[in-house]
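One letter stands for each residue in the lines below.
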Amino acid sequence: MTILFAVTATALWRDVWGHPAAPSSAPLLDAQFTNTATLRMSAAELIRTGGDTSGLTCGSCHDEKKKPVSVHFNADGTIRLPEEHKDLVMQHGRNNHCFNCHDPSNLELLKTRDGTTLKVEEGTKLCGSCHGPTLRDWEAGIHGRATGFWDPRAGARVKADCTSCHDAHSPAFPPIKAAPGPNLFRASLAGAREGAH
Amino acid sequence: MSESNCKCSGGGPGCSGSGGCGGHGHEGAHAPLTRRSFLRKSTLAASGIAALAASLAPLRELTDMPSLQEFVQKHYKELTPSDMEKALERIRGEVQRQYGLRPEIKDLKPMDGVEFVYCLNLTRCVGCRKCVHACVAENNQSRSPEIQYIRVLKMPNGTFDLERGDHDYKTESVPEKGAYYMPVQCHQCKNPPCVKVCPVDATWQEADGITVIDYDWCIGCRYCEAACPYWARRFNFAKPSVPKEKLNPNMAYLGNRPRPKGVVEKCHFCLQRTRAGRYPACLEVCPTGSRKFGNILDPASEVSYILRNKRVFVLKEEVGTLPRFFYYFDI
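As the structure is a prediction and not an experimental result, all values here were calculated from the model.

Trainee: I'd like to hear about the overall build of chain A, residue by residue, with values.
Mentor: Helices and strands together make up the secondary structure of chain A, namely five helices and seven strands. Secondary structure elements of chain A, listed N to C terminal, follow the sequence α-α-β-β-β-β-α-α-β-β-β-α. Buried positions account for 29% of the 197 residues belonging to chain A.

In structure tokens:
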């Protein structure tokens with residue numbers, strides 16, 4: 001405590017004379033707070049970047065041609081999932097039924113309500129089949145994030161997939177970690193003293 | 001949070017004398033004024049410059065003295081292309097000496113038919129502050145003392161009163177219940193009070209709507225800081241420190257090049273990126289997609305879509321600043 005006080009006092013004293021504060025007094029920021037990656041990796045992104053796609057292969061356990069998959073329910077109407085799917089949390093409101101989105105005759109495909117089948121990396125179209133207005137905003141670059149170039153003459157604009165931000169099964173945007181706030185001591189050297197705090 | 005940074009009555013231009021305001025009367029605040037007014041009034045003959053150079057030579061050892069070349073440089077708007085090339089070369093040399101790397105520095109001009117606008121969706125923003133830090137990294141802001149262009153205010157639900165905003169929330173996990181978050185940065189006003197109060201024309205509005213600062217011309221009087229209703233301007237009390245390995249070498253003259261002590265800086269919509277067609281750094285890092293940026297003169301841009309389709313508002317509309325920074329709720 002005494003040491004801290006002494007350090008503080010010294011720094012303030014040095015500042016009075018307009019000396020630069022020692023650069024080492026600024027701890028480096030954790031790189032996660034300047035990382036531009038989206039919250040999660042969509043299936044499309046996994047495939048595009050050659051990531052681990054083993055979670056998207058259903059055939060290692062299921063053979064839906066021989067043994068059709070059926071959805072099991074608990075007494076309260078919620079879906080009962082086997083141990084093998086325990087990391088999957090189903091919380092999509094009324095839209096909880098697996099086959100609202102997955103194709104029962106080929107688990108590795110997605111299927112919209114009107115029967116259109118989609119590849120697993122086409123999740124955005126699936127979401128859009130029920131969330132029309134949101135998809136419209138997304139296409140205009142308003143919902144979700146478009147990065148790269150605002151000027152099409154200079155380069156491409158890349159839109160993040162729905163599942164880069166939303167887990168298809170529990171789509172609510174989860175709470176995230178906040179980056180450090182202003183360091184009132186270091187900021188005070190710069191300007192808070194006169195009331196900007 | 002008080003609105004005016006100036007303790008003198010009246011604030012802004014009413015403040016008496018340089019250095020007497022706010023009680024930071026160290027030399028950095030007013031010395032350049034004397035130097036500049038001296039230089040601007042006198043027509044220096046070549047021999048005069050040589051004599052000046054000789055008399056300055058011992059001072060050159062001091063870190064914060066401007067180089068002779070910087071000292072006699074003309075106003076930005078009067079620089080010819082070859083003057084500018086000389087200025088850029090000087091900056092390359094200074095950066096090389098101080099940081100050990102040669103920056104990619106350009107003097108990027110506004111693009112024809114482009115006027116920038118920013119829109120921020122307050123329904124989406126969760127207050128994670130990643131924008132604050134991406135901005136610091138992109139724009140070579142001082143880490144210690146700490147300078148940040150973006151302030152994220154945690155606002156109690158149901159109010160727009162900025163005085164009730166808290167930017168020092170300490171929560172680990174965001175968002176918190178009962179609050180929304182409002183990031184505030186330079187609004188690039190169409191009617192900017194900061195520009196009007198500058199006594200030396202060191203800050204002005206460009207054709208694409210960005211209000212810029214020439215750090216070589218700024219005398220550090222801080223009138224602009226006091227005049228800004230959005231607390232968007234920051235003053236370098238001490239020599240800014242940026243760790244060598246963190247310096248962003250992609251620089252623009254009116255943008256993120258390293259600043260000296262004693263000058264004002266602020267958000268310039270990342271002009272080193274945006275005038276090259278890219279999105280600003282705060283937008284690129286936002287995990288929620290709350291931040292939208294683009295050319296309002298292009299009807300196909302995101303910002304045009306938002307102004308057409310969402311109910312947008314500006315902060316402190318009553319002060320007549322006409323911000324180019326819009327907020328909206330998305331329901």
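Still more to cover.
Trainee: Hey, could you go over the pattern of salt bridges for me, with residue numbers and the actual values?
Mentor: All names here are of chain B. With the rule as written, the count across this model stands at 27 salt bridges over all chains. In this structure, the salt-bridge partner of Lys77 is Asp201, at a minimum N-O distance of 3.9 Å. Remark: Asp201 occurs in the loop between α6 (193-197) and β6 (203-205) and Lys77 occurs in the loop between α3 (68-72) and α4 (81-99); sequence separation between them is 124 residues. Judged by relative accessible area, Asp201 falls into the partly exposed class, the value being 35%. The salt bridge partner of Arg102 is Glu89, with a shortest N-O separation of 3.0 Å. Within this pair, whereas Arg102 is found in the loop between α4 and β1 (104-106), its partner Glu89 is found in helix α4, the two being separated by 13 residues in sequence. The partly exposed category is assigned to Glu89, whose relative accessible area is 37%. Residues joined by salt bridges that share partners form a network here, namely Arg90, Glu94, Asp214, Asp216 and Arg257.

Trainee: Residue-level account of the pairing of strand β11 (residues 291-295) of chain B, with values.
Mentor: Along any regular strand the residues' side chains alternate between the sheet's two faces. Residue and element names in this part refer to chain B. In terms of burial, β11 is a largely internal element, five of the five residues being buried. Both strand β2 (residues 116-121) and β11 contribute to a ladder of five bridges, which runs antiparallel. Note on β11: the bridge partner recorded for Cys119 is Lys292.

Trainee: How would you sum up the sheet that holds strand β12 (residues 312-313) of chain B? Please name residues and give values.
Mentor: Residues and elements named next belong to chain B. In space, the four strands of this open sheet follow the order β11-β2-β13-β12, with mixed pairing throughout. Pairing within the sheet leaves two strands with one partner each, and these edge strands are β11 and β12. Where β12 lies against strand β13 (residues 325-328), two bridges are found, and the strand directions are antiparallel. Bridged to Phe313 within β13 is Tyr327. Sheet strands touched by helix α10 (residues 302-309): β2, β11, β12 and β13. Its angle to β11, the strand with the most contacts, is close to 110°.

Trainee: Give a detailed account of unusual backbone geometry, specifying residues and quantitative values.
Mentor: Peptide bonds are trans in most cases, and residues, glycine excluded, mostly fall at negative phi. Residues and elements named next belong to chain B. A cis amide bond links Ser144 with the next residue in sequence, Pro145, at an omega value of -5°. With respect to the element layout, Pro145 can be found in the loop between α5 (130-138) and β3 (151-156). For the bond running from Val174 to Pro175, omega is 0°, close enough to zero to count as cis. Even without being glycine, Asp201 reaches a positive phi, approximately 60°. Positive phi is not limited to glycine here, since Phe269 has a value of about 55°. Mapping Phe269 onto the fold places it in the loop between β10 (264-265) and α8 (271-274).

Trainee: Let's hear about the nonpolar core: which residues, and what values?
Mentor: All names here are of chain B. One finds Ile150, Val174, Met182, Tyr253, Phe269, Phe293 and Tyr327 to be the most contacted residues of the largest nonpolar core, which totals 63 residues. Among the secondary structure elements, those contributing two or more residues to this core are α4, β2, α5, β3, β5 (179-184), β9 (250-252), α9 (281-285) and β13. Top element by residues in this core is α4. It accounts for six residues. Of all hydrophobic cores here, the second largest spans 17 residues; its members include Cys198, Val200, Ala227 and Phe235.

Trainee: Residues and numbers for the packing of helix α3 (residues 123-130) of chain A against helix α4 (residues 132-139) of chain A, please.
Mentor: Residues and elements named next belong to chain A. It is at 6 Å that the axes of α3 and α4 come closest, and there the two elements cross at 130°. Taken together, the axes of α3 and α4 are oblique relative to one another. Mapping the contact onto sequence places Thr124, Gly128 and Cys130 in α3 and Gly132, Leu135 and Trp138 in α4. Grouping the constituent residues of the contact of α3 with α4 by class yields three nonpolar, three polar and no charged.

Trainee: Lay out the packing of aromatic side chains with the relevant residues and their values.
Mentor: Evaluation of the coordinates by the stated rule reveals 16 aromatic pairs over all chains. Ring plane angle 25° and centroid distance 5.7 Å describe the contact between Tyr76 of chain B and Tyr253 of chain B, whose orientation is recorded as stacked. Taken together, the positions of Tyr76 of chain B in the loop between α3 and α4 and Tyr253 of chain B in the loop between β9 and β10 put the pair 177 residues apart, joining distant regions of the chain. A residue is classified by how much of its surface remains accessible, and Tyr76 of chain B, at 5% relative accessible area, is buried. Taking the relative accessible area as the measure of exposure, Tyr253 of chain B reaches 0% and is therefore buried. Put simply, the rings of Trp150 of chain A together with Phe116, Tyr118, Phe160, Tyr180, Phe269, Phe293, Phe313, Phe325, Tyr327 and Phe329 of chain B pair up and form one aromatic cluster.

Trainee: Go over the environment of Glu108 of chain A with me, naming the residues and quoting the values.
Mentor: Residue and element names in this part refer to chain A. Relative to the helices and strands, Glu108 resides in the loop between β2 (79-80) and β3 (109-111). On the basis of relative accessible area, Glu108 is assigned to the partly exposed category, the value being 34%. Each C-alpha atom of the pair Glu108 and Val120 lies 6.6 Å from the other, and the pair is twelve residues apart in sequence. Those residues in contact with Glu108, other than ones at most four positions away along the chain, are Leu56, Thr57, Cys58, Gly59 and Val120. Here the side chain of Glu108 touches Gly59 through a polar contact of 3.2 Å, landing on its backbone nitrogen.

Trainee: Quick rundown of the environment of Pro323 of chain B? Include the residues and the values.
Mentor: All names here are of chain B. Summarising the element assignment, Pro323 is placed in the loop between β12 and β13. A residue is classified by how much of its surface remains accessible, and Pro323, at 8% relative accessible area, is buried. Between the alpha carbons of Pro323 and Lys109 there is a distance of 21 Å; along the sequence they are 214 residues apart. Once residues within four sequence positions are removed from consideration, Pro323 is found in contact with His187, Cys189, Tyr230, Val314 and Leu315.

Trainee: Can you tell me about the side chain of Arg222 of chain B, naming the residues and giving the values?
Mentor: Mapped onto the elements of the fold, Arg222 of chain B is located in the loop between β7 (211-213) and α7 (223-227). One polar contact links Arg222 of chain B to Glu225 of chain B, side chain to side chain, over a distance of 2.8 Å.

Trainee: Quick one: what's the story with the state of the cysteines, residue by residue and with numbers?
Mentor: The final tally for this structure, using the stated rule, is zero disulfides over all chains. Of the cysteine sulfurs around Cys61 of chain A, a residue in no disulfide, the closest is that of Cys58 of chain A, at 8.9 Å. Cys61 of chain A gets classed as exposed once you look at its relative accessible area, which sits at 66%. Distance from the sulfur of Cys286 of chain B, which forms no disulfide, to the nearest cysteine sulfur (Cys128 of chain B) is 6.3 Å.

What counts, and where the lines are drawn
- Residues numbered from 1 in each chain as written.
- Chains lettered and ligands numbered in written order.
- Predicted model: local features only at pLDDT ≥ 70, side-chain atom pairs only at ≥ 80, totals over all residues.
- Heavy atoms only, no water.
- Helix = DSSP H or I, 4+ residues; strand = E, 2+ residues; numbered from the N terminus.
- Buried < 20%, exposed > 50% of the residue type's maximum accessible area, 1.4 Å probe, protein only.
- Salt bridge = Lys/Arg side-chain N within 4 Å of Asp/Glu carboxyl O.
- Pairing = 2+ DSSP bridges.
- Contact = heavy atoms within 4.5 Å.
- Axes fitted to C-alpha atoms, helices over the stretch in contact; angles between N-to-C directions.
- Core = buried A, V, L, I, M, F, W, Y, C linked by side-chain atoms within 4.5 Å.
- Parallel < 35°, antiparallel > 145°, perpendicular 65-115°, else oblique.
- Nonpolar A, V, L, I, M, F, W, Y, C, P; charged D, E, K, R; others polar.
- Phe/Tyr/Trp six-rings, centres within 6.5 Å; stacked < 30°, edge-to-face > 60°.
- Polar contact = N/O pair within 3.5 Å; in protein donor to acceptor, adjacent residues only side chain to side chain.
- Disulfide = S-S within 2.5 Å.

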